[in-house]
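Working through the structure, step by step
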Amino acid sequence: MDRDDIEDELQEIDGFDVVGAGTGPDFVNLDVEVDDAVPQEWALAAVADILRNLRSHTGAYVRVSDTGERIAVGDIA
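Residues numbered from 1 in each chain as written. Predicted model: local features only at pLDDT ≥ 70, side-chain atom pairs only at ≥ 80, totals over all residues. Heavy atoms only, no water.

**Overview of a negative patch on the surface**
- On the surface, Asp2, Asp4, Asp5, Asp8, Glu9 and Glu12 cluster together into a negatively charged patch.
- Within the element layout of this structure, Asp5 appears in helix α1 (residues 3-11). (Patch = residues over 30% accessible without salt bridge, like charges linked within 9 Å, V, L, I, M, F, W, Y side chains within 5 Å. Areas by Shrake-Rupley, 256 points an atom, 1.4 Å probe, with all protein chains shown as cover. Salt bridge = Lys/Arg side-chain N within 4 Å of Asp/Glu carboxyl O. Lys, Arg positive; Asp, Glu negative; His and termini not counted. Charge placed at Lys NZ, Arg CZ, Asp CG, Glu CD. Helix = DSSP H or I, 4+ residues; strand = E, 2+ residues; numbered from the N terminus.)

**Quick word on the pattern of salt bridges**
- Enumeration over the complete set of coordinates arrives at two salt bridges.
- The salt bridge partner of Glu7 is Arg3, with a shortest N-O separation of 3.9 Å. You can see Glu7 and its partner Arg3 sitting in helix α1, four residues apart, about one turn around the helix.
- As a salt-bridge pair, Arg52 and Asp49 come within 3.5 Å of each other at their nearest N and O atoms. In this pair, Arg52 and Asp49 are both assigned in helix α2 (residues 40-53), three residues apart and thus about one turn of the helix distant.
- You can call Asp49 partly exposed: its relative accessible area is 39%. (Buried < 20%, exposed > 50% of the residue type's maximum accessible area, 1.4 Å probe, protein only.)

**Remarks on α2**
- For α2, built from 14 residues, the straight-helix expectation of 20 Å at 1.5 Å per residue is met to within 8% by its first-to-last C-alpha distance of 20 Å.
- Among all positions in α2, only Ala43, Leu44, Ala45, Ala46, Val47, Ala48, Ile50 and Leu51 are buried.
- If you follow the buried residues of α2, they end up packed against α1, β1 (16-23), β2 (28-34), β3 (61-63) and β4 (70-72).
- Once α2 finishes, Arg55 follows within two positions and takes phi at roughly 60°, a positive value. (Expected span 1.5 Å × (residues − 1). Contact = heavy atoms within 4.5 Å.)

Below you can see the structure in the form of structure tokens.
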């Protein structure tokens, strides 16, 4: 699994724009801007679905920048 695979999937969704990325020995970080017209629950579900489909969701989480909330992918419906 390559970070680019996740980034490519995210870029294909209308209203999503990957604006930054980083990697470390044990992590990958992608910064994604989501258009205000996209409902937050739908955006979270879309990201979780991509990570699950690419089998990269174990230990993954989403941090919502507006609130600082950190949500485990396994907790997103």
